[in-house]
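Overview (structure and organization)
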Amino acid sequence: MQNEEGKVVDLYLPRKCSATNRLIQAKEHAAVQINVAQVDEQGRFTGETFTFAMSGYMRQQGEADLAFNRLFFEKGLLTFSK
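Residues numbered from 1 in each chain as written. Predicted model: local features only at pLDDT ≥ 70, side-chain atom pairs only at ≥ 80, totals over all residues. Heavy atoms only, no water.

1. Here we look at the pattern of salt bridges
- The final tally for this structure, using the stated rule, is 2 salt bridges.
- In this structure, Arg44 and Asp40 form a salt bridge, with 3.6 Å as the shortest nitrogen-oxygen distance.
- Between Glu74 and Arg70 there is a salt bridge; the shortest N-O distance is 3.0 Å. A residue pair is termed a helical-turn pair when its members lie 3 or 4 positions apart in one helix, as Glu74 and Arg70 do in helix H2 (residues 64-75) at 4 residues.
- Assessed through its relative accessible area of 55%, Glu74 is described here as exposed. (Salt bridge = Lys/Arg side-chain N within 4 Å of Asp/Glu carboxyl O. Helix = DSSP H or I, 4+ residues; strand = E, 2+ residues; numbered from the N terminus. Buried < 20%, exposed > 50% of the residue type's maximum accessible area, 1.4 Å probe, protein only.)

2. So, the packing of aromatic side chains
- Applying the stated criterion across every chain, the model contains 3 aromatic pairs.
- Taking 5.0 Å as the distance between ring centres and 70° as the angle between the ring planes, the aromatic pair formed by Phe52 and Phe72 counts as edge-to-face. Residue Phe52 is found in strand E4 (residues 45-54), and its partner Phe72 is found in helix H2; the two are separated by 20 residues along the sequence. Across the pair, Phe72 and Phe52 agree in class, each one buried.
- With a centroid separation of 5.8 Å and an interplanar angle of 25°, the aromatic rings of Phe68 and Phe72 are classed as stacked. (Phe/Tyr/Trp six-rings, centres within 6.5 Å; stacked < 30°, edge-to-face > 60°.)

3. Looking at the pairing of E4
- Of the pairings in the sheet, the one linking strand E3 (residues 32-39) to E4 comprises 7 bridges and is antiparallel in character. Directly across from Ile34, in E4, lies its bridge partner Phe52.
- Once E3 ends, the chain turns through 5 residues before running back antiparallel as E4, passing Gly43 with a positive phi of about 85°. (Pairing = 2+ DSSP bridges.)

What follows is the structure in structure tokens.
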């Protein structure tokens, strides 16, 4: 829902798992959300962040680490070269 100014004013915005696109329910306590900051060459925060949400299902299956690595690689935050 939006107000007259066009701002979102909903009390609850459902999240989706970044790996599986499943909806993360409000009562799911096993889900996590990670904010990764973008830094420059000197290691200073540039003001840009990437947000990743992982459902409890992926964590329970033991696939969260692999899924985070894939998501970080797709965003260019992680490389697998030597």
